[in-house]
Amino acid sequence: MPKKPPRVGEKSARELLSRIGRQFALLFIVIVLFDHLIEWLVEGFHLILELLHLLIEVMEHLAEELLEHLLHTSHHQSETIIFNTVMLLAVFGIFHLFQRWPELSLSWRTRAQTGWQNYKMQKVGAWQRLPRRHKLIVTGAYATGVILILFLLTL
């Protein structure tokens with residue numbers, strides 16, 4: 001379904017200005033709270049790793065109990081079997097990853113370049129469809145926003 005052309009008039013100019021204003025307000029909040037955002041990101045990543053570690057511990061304990069009951073092994077023997085199995089799986093996984101790495105890398109690079117080209121084409125098309133008056137409004141709004149951000153950060 002084709003995209004609708006942008007509406008022209010005072011309402012669409014206000015919409016453009018409010019959208020640009022929201023973008024600069026968000027940018028200012030991100031700049032001011034950057035250290036807190038990074039801290040929250042690190043804490044969230046740490047929480048995910050802790051939950052993953054807990055899951056691995058539970059799976060290891062279940063496998064250990066299963067081995068002790070099925071094969072009548074001691075605790076040390078069960079841990080040795082589990083460790084050797086995990087190491088064998090890791091070596092096979094790394095080996096297959098290195099074998100497929102060139103094609104994976106090429107695929108990711110191609111996908112990223114295609115996405116970037118589509119994004120640029122979409123933005124250029126949107127800019128070209130804007131009337132001259134709106135282009136001036138958008139340019140002025142971005143210039144004003146950059147100046148205000150720089151002014152507020154240098155206070």
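Residues numbered from 1 in each chain as written. Predicted model: local features only at pLDDT ≥ 70, side-chain atom pairs only at ≥ 80, totals over all residues. Heavy atoms only, no water.

Participant: An account of the overall build of the protein is requested, with residue identities and associated values reported.
Facilitator: Each helix and strand in the protein was counted, giving four helices and zero strands. Going from the N terminus to the C terminus, the protein shows its helices and strands as α-α-α-α. In terms of principal-axis extent, the alpha carbons of the protein reach across some 80 × 40 × 30 Å. Per-residue burial for the protein yields a buried fraction of 12% across its 155 residues. Considering only contacts in the protein between residues 6 or more positions apart, those separated by 24 or more positions represent 56%. Within the protein, the 13 negative side-chain charges are centred at a point lying 36 Å from the centre of the 16 positive side-chain charges. (Helix = DSSP H or I, 4+ residues; strand = E, 2+ residues; numbered from the N terminus. Buried < 20%, exposed > 50% of the residue type's maximum accessible area, 1.4 Å probe, protein only. Contact = heavy atoms within 4.5 Å. Lys, Arg positive; Asp, Glu negative; His and termini not counted. Charge placed at Lys NZ, Arg CZ, Asp CG, Glu CD.)

Participant: Pulling in residues and values, what's your account of the side chain of S78?
Facilitator: Relative to the assigned elements, S78 resides in helix α3 (residues 75–129). Apart from residues lying up to four places away in sequence, S78 is in contact with E64, L67, E68 and T73.

Participant: An account of the nonpolar core is requested, with residue identities and associated values reported.
Facilitator: Residues L16, I20, F24, L130, V138, A141 and I149 constitute the largest nonpolar core, which totals seven residues. Look past the residues within four positions of L130 in its chain and what remains in contact with it is L16, K135 and V138. (Core = buried A, V, L, I, M, F, W, Y, C linked by side-chain atoms within 4.5 Å.)

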